[in-house]
Amino acid sequence: MTLRHYFTLVDTMARMSLKADAARFFFGYLWWILEPLLYVAVFYVVFEVILGSKRADFLVFLMCGKLTFIWLSKSVNQASRSIVASKGLVGKIDVPKSLFPMATIQEGLYKQASVFLLLFIVLWAKGYAMSASWAWLLPVVIVNYLVIVGLSLFGAFLVCVAFDFSMLISLGMIFLLFTSGIFWDVRDLPDPAMTDAVLAANPVAFLIDAYRQVLMEGVAPDPVHLGVIGAAAAALVAAGVLLLRRASRFLALKAITG
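It should be emphasised that the depicted structure is a prediction, and the values quoted were computed from it without experimental measurement.

Peer 1: I'm lost on the packing of aromatic side chains in this one. Help?
Peer 2: Each pair of aromatic rings is reported with the distance of its centres and the angle of its planes. Applying the stated criterion across every chain, the model contains 11 aromatic pairs. Where Y6 meets F7, the ring centres are 5.2 Å apart and the plane angle is 90°; that geometry is what we call edge-to-face. Note on Y6: relative accessible area 12%, which makes it buried. With a relative accessible area of 43%, F7 lands in the partly exposed category. Look at F116 and Y211: their rings are 6.0 Å apart centre to centre, the planes differ by 35°, and that puts the pair in the tilted class. One end of the pair, F116, is in helix α6 (residues 99–125); the other, Y211, is in helix α10 (residues 203–217), and 95 residues separate them in sequence.

So, in structure tokens, the structure goes:
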């Protein structure tokens, strides 16, 4: 299978899954936007209405964090289970096992495009003007995508080895939800050294902060830090592809008999 045929098949599988998913619900494709909005609404009620956030721009702050985090968490959770979920096809056709998590990631990418459009509309409505710093949004999104792919490929391998890993991955996403500054600002920590430590130790926290810096503050993220995360994520992707390729028959057997 050539690289062109590979990515064509990934895109075709993603589009078919999107159509099938939309057909199951009354609101169809509207759920691409409704679901993340409902997540934001829940957090807004808890942290703004009940707990009383001190941020005047809390809604935009929350949307920048939550809408981008949902992309990562849902893609990694679903892609990690994709090989096992496709065991019927895996047992009949010898195809690259990375095909299944990549198709799930591509499906999430299509959905996230509409979510980003919604976020831009909200930013415009709230008076956030587009600036030259918004050009940094492209490299931030690319690095975010590489992180998703790297985590998903290794997650798909682990879940094939033992389905119990799917529970650990879900718990890991919950851990990142509370430690990555989704509903609190890492820059509000009383000790600047602690802020630097969190951003250095948690790539997801850095990416969430980078989105906010670009979209809300009009400030470019640290290019060196972004480059390091991107290089590490790219290496993780390469290692994940190689792992799934070399363990192809083993994964097929585990998926079928698991």
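Peer 1: Where do I start with the nonpolar core in this structure?
Peer 2: In summary, soluble globular proteins display a tendency toward joint burial of nonpolar side chains. In this structure, F69, L72, I83 and L119 are the most contacted members of the largest nonpolar core, which totals 72 residues. Here this core gets 12 residues from one element, more than from any other, and that element is helix α3 (residues 58–80). Once you skip the residues sitting within four places of it in the chain, F69 turns out to touch M173, L176, L177, I182, V204 and I208.

Peer 1: Quick question: what am I supposed to make of the pattern of salt bridges here?
Peer 2: Close approach of charged atoms allows side chains of opposite charge to pair. Taken as a whole and assessed by the stated rule, the structure comprises 6 salt bridges. A salt bridge links E35 to K74, with the shortest nitrogen-to-oxygen separation between them at 2.8 Å. In this pair, E35 sits in helix α2 (residues 31–50) while K74 sits in helix α3, placing the two residues 39 residues apart along the sequence. Since its relative accessible area comes to 25%, K74 is described here as partly exposed. The salt bridge involving D57 is made with R55; its shortest N-O contact spans 3.1 Å. According to the relative accessible area criterion, D57 is partly exposed, its value standing at 21%. Connected through shared salt-bridge partners, R55, D57 and D185 make up one network.

Peer 1: It is not clear to me how the packing of helix α7 (residues 137–161) against helix α8 (residues 164–179) should be interpreted in this structure. Could you clarify?
Peer 2: Two quantities define a packed helix pair, namely the angle between the helix axes and the distance between the axes. One can describe the packing of α7 onto α8 by two numbers: an axis separation of 6 Å at closest approach and a directional angle of 140°. Considering the angle they form, α7 stands oblique to α8. Two secondary-structure elements touch here, α7 through G155, L158 and V159 and α8 through F165, S166 and I169. Its residues assigned to classes, the contact of α7 with α8 comprises 4 nonpolar, 2 polar and no charged.

Peer 1: When you look at the environment of L177 in this model, what are you seeing that I'm missing?
Peer 2: Note on placement: L177 falls in helix α8. Linking L177 and L137, residues 40 residues apart in sequence, is a C-alpha distance of 21 Å. Apart from residues no more than four positions distant in its own chain, L177 is found in contact with F43, K66, F69, I182 and F183.

Calculation notes
Residues numbered from 1 in each chain as written. Predicted model: local features only at pLDDT ≥ 70, side-chain atom pairs only at ≥ 80, totals over all residues. Heavy atoms only, no water. Phe/Tyr/Trp six-rings, centres within 6.5 Å; stacked < 30°, edge-to-face > 60°. Buried < 20%, exposed > 50% of the residue type's maximum accessible area, 1.4 Å probe, protein only. Helix = DSSP H or I, 4+ residues; strand = E, 2+ residues; numbered from the N terminus. Core = buried A, V, L, I, M, F, W, Y, C linked by side-chain atoms within 4.5 Å. Contact = heavy atoms within 4.5 Å. Salt bridge = Lys/Arg side-chain N within 4 Å of Asp/Glu carboxyl O. Axes fitted to C-alpha atoms, helices over the stretch in contact; angles between N-to-C directions. Parallel < 35°, antiparallel > 145°, perpendicular 65-115°, else oblique. Nonpolar A, V, L, I, M, F, W, Y, C, P; charged D, E, K, R; others polar.

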